[in-house]
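Residue-level structural notes
Residue strings, one per chain:
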Amino acid sequence: MAFTITCPICGPRSGYEFRYGGEDKGPRPDPADMTPESWCDYAHMTDSRPGVQKEWWYHRAGCGIWFTIYRDTTTNLEVSPDSPETVA
Amino acid sequence: MIRLNHLPTLRINPGAPRSFAYGRRRLQGVEGDTVATALFANGVRVFGRSLKYHRPRGLYSLDGESSNTLVNVNGVPNVCAETTPLAEGMRVSSQNAFPTPDLDLLGFMDALSWAMPAGFYYRVLHKPARLWPLAVPVIRKMAGVGTLPPDFQAPGRRDEIYPAADLCVIGAGVAGMSAALAAAEAGLRVVVFESRPWPGGAFEYRPGAARDGVPYFQKTAELIAAVQASPHIRLFLNAPVIGVYSNGLVTAFQRGRPPHPFDERYIEVRAASLVVTTGCIERPLLFDHNERPGVMQAGCAHRLARTWGILPGHTAVFSVGHDLGLEVAADLFDLGVEIAAVADLRQDGMDPALVDALSQRRIPLLRGWSVTKAHGRNRVTKATLAGANGRFRKTLDCDLLVASAGLTPVTGPLTLAGARLAFDEHTGFFLPDSLPPRVHTAGRLTGRQNWHAVAASGRLAGLYAARDNGIDQAAAIDELVHELGARPGPARGTQFVIAPGSGKKAFICFDEDATVKNVDQAMDKGFDVPELIKRFASVGTGPGQGGIPGHNLPLYVHQSGASPDAHPRPTTVRVPLVPTFLATYAGTRLDMSKRTPLHALQEADGGRMERLGVWHRARRFSEDGRSREEILAVRTAVGMLDASTLGKFRIFGPDAVKVLDRVYVGDMTRVPRTRAKYSAMCNEDGCLTDDGVIVRTSDNDYYFTTSTGRAGVTVEWIRYHTRFDDWDFGIVNLTDAYGVINLAGPEARAVLQRVTDADVSNEAFPYMGYREFAVDEIPVRAMRLGFVGELSFELHVPASWMVHIWSLLMKAGKDFGIRPFGLEAQNTLRLEKCHVIIGSESEQRTTLHDVGLGFLWHRDKPWAKTVGDVALRQTEHQPGRLKLVGFRMADPSAAPPKDGSAIVDRRIRGYVCASRYSFTLKEPVGLALVEEPLSAKGSSLDIYENGCGGQLARAEVSETPFYDPEGRRLRV
Ligand SMILES: [Zn+2]
């Protein structure tokens, strides 16, 4: 992980300091109408599409918060949230 | 050998001898020598034998561009003699040669080279396949270099540093130092990496001069002094760059200096800007036997004399294609080398001053001529030269043949940084046609050869870096661009690769013993792209990392007309740019582990300490592997366990209870002030991840424990599962702030009562109660839990008071026969009670229901969106799951099966989680996860144990728990 990740509190830091928390899938869905299949989809399935994605990171060796960044998975580089590519 | 000791450019101390062993010989070098220069000074010309053909190989370059000079140093194989500083007492030996490099018995391989065409391994030995196993041992024995003993330990100490900088400069030549100084003056913090042991690059040793008449080495020395005086420049010498990555990351390592040549330091620096000023290496000229010992590059011959005071030969022939070669010929003549002739590939375009210098010295200059063949076996004795038309030839005696076709820019770091290279007709270089943001280059790499132009281009790169960092440099940049325009531009370079009429024994890659003929064979097979030819003919895949063939291969392929590309195309460069010890990447062996506050006491009590995760813990306190005495003490009297490794957390704030309800399966809204609540955490699959106890210490303030293994990830877990909720809470990891003593056994209360005034009677402090009281004035948090199945008090004590409280209890318990117990005793004790341990009775797929803890789940709190709730609902009655059962052996005198043994019935139908001999029941008991149909009471289980030889052990599913099923002993 040669790339840097911008923590909202600590600023850009080495990627080694963070733990990946997966693609952003939004808050957990209402459990009421979940089938085992739809729950499994939510819990385990990811889009894994090449390009810019919004994802969660935890600043493990730092301030200890969860936050999201945008990252281009084809270049493995963080993309500014203001960049046009972040509009999914 | 006598050294030239009057030169101002020397980097040796001729008065400080260093003795070392070379094979059986005892040799002497001097302080400042590398292993290679010391060997050369002692007359060693053949350093080793080549990979395939066992051809003699010698000193060709001085910066490790080929594997020619790989030797064994102090038992470490494949050490590059050119870059390893000589240390007193070193043991150096040759490789791949028997008995010696000069007399190698496998030398006949060279005569068989016709039998090993390009792609030899793929083509010749491929079919029939049955020959391959026969060929492998022979090839293994004969090919390859260096021998690594199986018990090899890399010597040396290794550490790592991560300096901070605004600018990283790669290469401390004139351009790099100028860039660093300009940037430092503008206010940047600069890190500079230089792979040689001193800065200065290509000008540092040269007595030549530009028009101002001041020798290069003198002007360069002034620059070096300025760099070393700058407080904002950190210069790493002996530090080759390994790789360049995204977001400005540069990795390098620093070689050790005598007397510790194998001490290495790994360096990572992330800078906003990067300046690459790596200069040029020489591009070899290809001709027959172009790698005979005695053939060397111009810079190698020159530096041997100027830096190490060693004359590279008595009589030299030069065959070069650049002004640098002419300069070296004139200077070596002045130092005492006889120059038989200088052949220049060029007809014109030479520096007139250098042409004059040669004619003044009566050195014949043959324009448009080239060497076509080197003669001699273990060293050069003659060279045959030919004119461009091939009509004129002459053969001259010599013991030194200085040959290089041109220069090649060292662009590896630039391409790793993302620069795209394109062929430049004027310089004959592959140069970046565009640079990524914040990456700059300057100096000889760009084709400039004039000192002032190189320095100015470096300063400009430094100013660009300052501009990257937000420092306004517009005026200074304009001025410098103007100045640079007035200086000489990039010099014209030749694209000449191979001498006419040669090829069969013209080696394009020394490391892999690949000739031009091998490249021809690859092209005959239809390969037309350098990238593919490189692989098929093994060109540039050796330890030199493509340094020798790097640009010759694409030029040659292009000139052959085989390539479909309009211009030559370079092959891809990858990390590591220089061979790097894995031990250097690994760095310091930092095995981080933790000791509880009682560690020393536990050891003093005879505790057998074991590493479990990050902790050291006492497994048992006697020789007895079953811990009989410890178990009986807890069952019949009283014992104490150091449970300090439990995770301990405080969570507080108005929303703390919501958080607990989110992650714990139980209902946390009703935790009374005086009770401890046992609960569990699941993941989204309803699988068990943790269990522990929660107490409420005051309003909106809770204290909870986790299993040892989860302590490190609990904060992360909790914050993850509340990340969408704007809840107001704080969480503090108190794992190391508190120690835990588990005081257990029928006499536990009597012992505790002796050290506290608090009422700890069953009425005042019942089972599952929580109390805070003082023990010898130390505030203690106490819970009545029953993991081991006896009356017990779990005392949470401030870590710094642990030793005191433990000792107090030990003393108080003496009359009752108190003794410490370890993890082995605890395991048997809790097994008798069928209390689960996460990771023993559960694995990744085990749900809360599977282990029989479904009763902990509070199914009516949908508002909490409890982690795992959905899956717990869906798996509650799911068929086909493994269920936790207790078992006894059919034969009570049988030994307990090993943990993890399979439960079989034609196929595997479960496994033993844990099984121990129960001293209380006087027979083995155990827990197992088995398929549901096998989980009914009375079912027979057949257990296959490793090494049982097919002899299955029979067990039977039994009532649980095995010990005190009503739990009376907990409630006394
Ligand atoms: Zn942070």
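All residue numbers refer to positions counted from 1 along the written sequence of the respective chain. Just so you know, chain letters begin at A and ligand numbers begin at 1, following the order they were written in. Local features in this predicted model are restricted to residues whose pLDDT is 70 or higher, and side-chain atom pairs enter the listing and the counts only when it is 80 or higher, whereas totals over whole chains, interfaces and linings include all residues. With hydrogens and water set aside, each side-chain value is computed from the structure's full complement of heavy atoms.

1. Points about the overall build of chain A
By the criteria applied, helices consist of DSSP H or I runs no shorter than four residues and strands consist of E runs no shorter than two, each listed in order from the N terminus. Helix and strand counts for chain A stand at 1 helix and 6 strands. Along chain A, helices (α) and strands (β) appear in the sequence β-β-β-α-β-β-β when read from the amino end. Note on exposure labels: buried denotes an accessible area under 20% of the residue type's maximum, exposed denotes more than 50%, and partly exposed covers the range between, all computed with a 1.4 Å probe on protein chains only. Taken across its 88 residues, chain A has 40% of its residues classed as buried. Per-residue accessibility takes into account occlusion by the displayed protein chains alone, with areas from the Shrake-Rupley method and a 1.4 Å probe. Accessible surface computed for chain A: about 5000 Å², of which carbon and sulfur atoms make up 54%.

2. Here we look at the packing of helix H20 (residues 748–755) of chain B against helix H21 (residues 802–812) of chain B
All names here are of chain B. Axis definition: a line fit to C-alpha positions, over the contact stretch in the case of helices; interaxial angles, taken between N-to-C directions, run 0 to 180 degrees. The geometry of H20 relative to H21 is characterised by a closest axis approach of 9 Å and an angle of 120 degrees between their N-to-C directions. Along this stretch, H20 crosses H21, giving a crossing that reads as right-handed. Residues Val751, Leu752, Arg754 and Val755 of H20 lie in contact with H21, whose contacting residues are Leu808, Leu809 and Ala812. Polar here means any residue other than Ala, Val, Leu, Ile, Met, Phe, Trp, Tyr, Cys and Pro, which are nonpolar, and Asp, Glu, Lys and Arg, which are charged; Gly is therefore polar. Here the contact of H20 with H21 is built from residues that sort into 6 nonpolar, no polar and 1 charged. By the definition used in this description, the sense in which the near helix is turned from the far one sets the handedness, with an anticlockwise turn below a right angle giving left-handed and a clockwise turn giving right-handed. Contact between two residues is taken to exist if any of their heavy atoms lie within 4.5 Å; hydrogens are not considered.

3. Here's the deal with the side chain of B:Arg45
Residues and elements named next belong to chain B. Note that Arg45 resides in the loop between helix H1 (35–41) and strand S3 (48–49). Neither His nor the chain ends is counted toward charge; the positive residues are Lys and Arg and the negative residues Asp and Glu. Any Lys or Arg side-chain nitrogen located within 4 Å of an Asp or Glu carboxyl oxygen qualifies as a salt bridge. One buried charged side chain, Arg45, makes no salt bridge at all; its nearest oppositely charged neighbour is Asp399, positioned 6.6 Å away. Any pair of N or O atoms that falls within 3.5 Å is considered a polar contact. Within protein, one atom must be able to donate a hydrogen and the other to accept it, and sequence-neighbouring residues count only if both atoms are side-chain atoms. Of note is the side chain of Arg45, whose polar atom sits 2.9 Å from the backbone oxygen of Phe40. Setting aside chain neighbours within four positions, we find Arg45 in contact with Phe40, Arg57, Gly58, Leu59, Pro293 and Arg379.

4. Remarks on the packing of helix H4 (residues 174–185) of chain B against helix H10 (residues 451–468) of chain B
Residue and element names in this part refer to chain B. As a packed pair, H4 and H10 sit with axes 7 Å apart at the nearest point and diverge in direction by 40 degrees. Judged by the inter-axis angle, H4 sits oblique to H10. Classified by chirality, the crossing of H10 by H4 is right-handed. Contact residues: Val174, Ala175, Ser178, Ala179, Ala182 and Ala183 in H4; Trp451, Val454, Ala455, Gly458, Arg459, Ala461, Gly462 and Leu463 in H10. Residues belonging to the contact of H4 with H10 are distributed by class as follows: 10 nonpolar, 3 polar and 1 charged. Roughly parallel refers to an angle under 35 degrees, roughly antiparallel to one over 145, roughly perpendicular to one between 65 and 115, and oblique to any angle outside these ranges.

5. What about the side chain of B:Asn68?
All names here are of chain B. When you line up the elements, Asn68 lands in the loop between strand S4 (56–57) and strand S5 (70–73). The exposure class of Asn68 is buried, given its relative accessible area of 4%. Polar contacts involving the side chain of Asn68 include one to the main-chain carbonyl oxygen of Gly58, which spans 3.2 Å. The contact partners of Asn68, leaving out residues within four places of it in the chain, are Phe47, Gly48, Arg57, Gly58, Tyr60 and Phe510.

6. So, the nonpolar core
Residues and elements named next belong to chain B. The criterion is simple. A nonpolar core is a set of buried Ala, Val, Leu, Ile, Met, Phe, Trp, Tyr and Cys residues joined through side-chain atoms within 4.5 Å. Counting residues in each nonpolar core, the largest one holds 57 residues, and the members touching the most others are Phe20, Leu39, Val92, Phe318, Leu332 and Val342. Those residues in contact with Phe20, other than ones at most four positions away along the chain, are Arg25, Arg26, Leu27, Gln28, Gly29, Ala38, Leu39, Asn42, Leu86, Met90 and Val92. Within the second largest apolar cluster, 30 residues are counted, among which are Ala184, Ala186, Leu223 and Ile233.

7. Here we look at the coordination of the zinc ion
Residues and elements named next belong to chain A. Water is not part of the atom set, so a site may look incomplete; the donors themselves are N, O and S atoms within 2.8 Å of the metal, or 3.2 Å for Na, K and Ca. Around the zinc ion, the protein contributes the donor atoms Cys7 (SG), Cys10 (SG), His59 (ND1) and Cys63 (SG), which lie 2.0 to 2.3 Å from the metal centre. Any site counts as irregular unless it has four donors with all angles between 85 and 135 degrees, making it tetrahedral, or four or six donors with opposite ones more than 155 degrees apart and the rest between 65 and 115, making it square planar or octahedral. For the zinc ion, the 4 donor atoms are set out with angles of 102 to 120 degrees between them, so the coordination reads as tetrahedral. All donors of the zinc ion come from a single chain, and their spacing in sequence reads C-x2-C-x48-H-x3-C. Highlighted residues: Cys7 in strand S1 (residues 4–7) and Cys63 in the loop between strand S4 (52–58) and strand S5 (66–72), separated in sequence by 56 residues. What makes Cys7 buried here is its relative accessible area of 2%.

8. Some remarks on the interface of chain A and chain B
A common way to report how large an interface is uses the accessible area buried once the components associate. At the interface, 25 residues of chain A touch 21 residues of chain B. Buried area counts how much accessible surface, traced with a 1.4 Å probe, disappears from two parts once they are put together, with both parts' losses summed. Of the roughly 2100 Å² buried between chain A and chain B on both sides combined, carbon and sulfur atoms contribute 55%. Where chain A meets chain B, there are 2 salt bridges. B:Glu684 is the salt-bridge partner of A:Arg28, the closest N and O atoms lying 2.9 Å from each other. The tally of links from chain A across to chain B stands at 12 residue pairs in polar contact (both at pLDDT 80 or more). Breaking the side of chain A that touches chain B down by element, the ones donating at least two residues are strand S3 (19–23), helix H1 (36–44) and S4 of chain A. Among the elements that line the side of chain A that touches chain B, the one with the most residues is H1(A), at 5 residues. Of the residues assigned to the side of chain A that touches chain B, the class counts are 14 nonpolar, 7 polar and 4 charged.

9. A word on the sheet that holds S4(A)
All names here are of chain A. If you walk across this open sheet you meet the 4 strands as S3-S4-S5-S6, and the pairing is antiparallel. Edge positions in the open sheet fall to S3 and strand S6 (77–79), since each of these has one partner strand only. Going across the sheet, the axis of each strand differs from the next one's by a mean of 50 degrees, ignoring polarity. Between any two strands, pairing holds if DSSP finds at least two bridges. Of the strand pairs in this sheet, S5 and S6 are connected by 3 bridges, and their pairing is antiparallel.

10. Here we look at the packing of aromatic side chains
Here the aromatic set is Phe, Tyr and Trp, taking the six-membered ring for Trp, and pairing holds for ring centres within 6.5 Å; pairs whose planes are under 30 degrees apart are stacked, those over 60 apart are edge-to-face, and all others are tilted. Within this structure, the stated rule accounts for 22 aromatic pairs over all chains. Considering the side-chain rings of B:Phe203 and B:Tyr216, the 5.0 Å spacing of their centres and the 65 degrees angle between planes classify their relative orientation as edge-to-face. One end of the pair, B:Phe203, is in the loop between strand S10 (190–193) and helix H5 (216–229); the other, B:Tyr216, is in helix H5, with 13 residues separating them in the sequence. The same class applies to B:Phe203 and to B:Tyr216, which are both buried. Cluster of aromatic residues (ring-pair linked, three or more members): A:Phe3, A:Tyr20 and A:Trp57. We call a charge positioned over a ring when the NZ of a Lys or the CZ of an Arg lies within 6 Å of the ring centre and within 35 degrees of the ring normal. The lysine or arginine in question, B:Lys394, covers the ring of B:Trp369, its NZ or CZ lying 5.8 Å from the ring centre. Here the guanidinium or amino end of B:Arg635 rests over the ring plane of B:Tyr963, the centre of that ring lying 3.8 Å away.

11. Comments concerning helix H6 (residues 298–306) of chain B
Helical geometry: 3.6 residues make up each α-helical turn, so side chains three or four residues apart lie on a common side. Residue and element names in this part refer to chain B. Among the 9 residues in H6, 9 count as buried, and that is most of the element. Considered for burial, the residues of H6 that qualify are Ala298, Gly299, Cys300, Ala301, His302, Arg303, Leu304, Ala305 and Arg306. Next to the buried residues of H6 lie H1, strand S16 (280–283), strand S17 (295–296), helix H7 (323–335) and strand S24 (400–404).

12. Observations regarding helix H22 (residues 823–832) of chain B
Residues and elements named next belong to chain B. The buried fraction of H22 is high, at 10 of 10 residues. Looking only at H22, the buried set comprises Leu823, Glu824, Ala825, Gln826, Asn827, Thr828, Leu829, Arg830, Leu831 and Glu832. Close packing links the buried residues of H22 with strand S31 (608–612), strand S32 (615–620), helix H17 (628–636), strand S33 (639–642), strand S46 (907–918) and strand S47 (923–931). After H22 finishes, the residue Cys834 shows a positive phi value of roughly 60 degrees.

13. Concerning the pairing of strand S1 (residues 13–22) of chain B
All names here are of chain B. Across 7 bridges, S1 lies against strand S2 (residues 25–31) in antiparallel orientation. Considered in S2, the bridge of Tyr22 is made with Arg25. Where S1 folds back on S2, the antiparallel hairpin that results is connected by 2 residues, among which Gly23 adopts a positive phi of roughly 60 degrees. In this structure, S1 lies alongside strand S7 (residues 91–93), joined through 2 bridges in parallel fashion. The residue bridging Tyr22 from the neighbouring strand is Val92, located in S7.

14. Things to note about the sheet that holds strand S8 (residues 158–161) of chain B
Residues and elements named next belong to chain B. One open sheet accounts for 4 strands, arranged S8-S14-S13-S12; its pairing is mixed. Looking at strand neighbours, the two that pair on one side only are S8 and strand S12 (241–244), the edges of this open sheet. Going from strand to strand, the sheet's axes swing by 15 degrees on average, the running direction of each strand aside. Sheet analysis places S8 next to strand S14 (residues 264–270), joined by 4 bridges and oriented parallel. Among the inter-strand pairings, Asp159 is bridged to a residue of S14, identified as Arg265.

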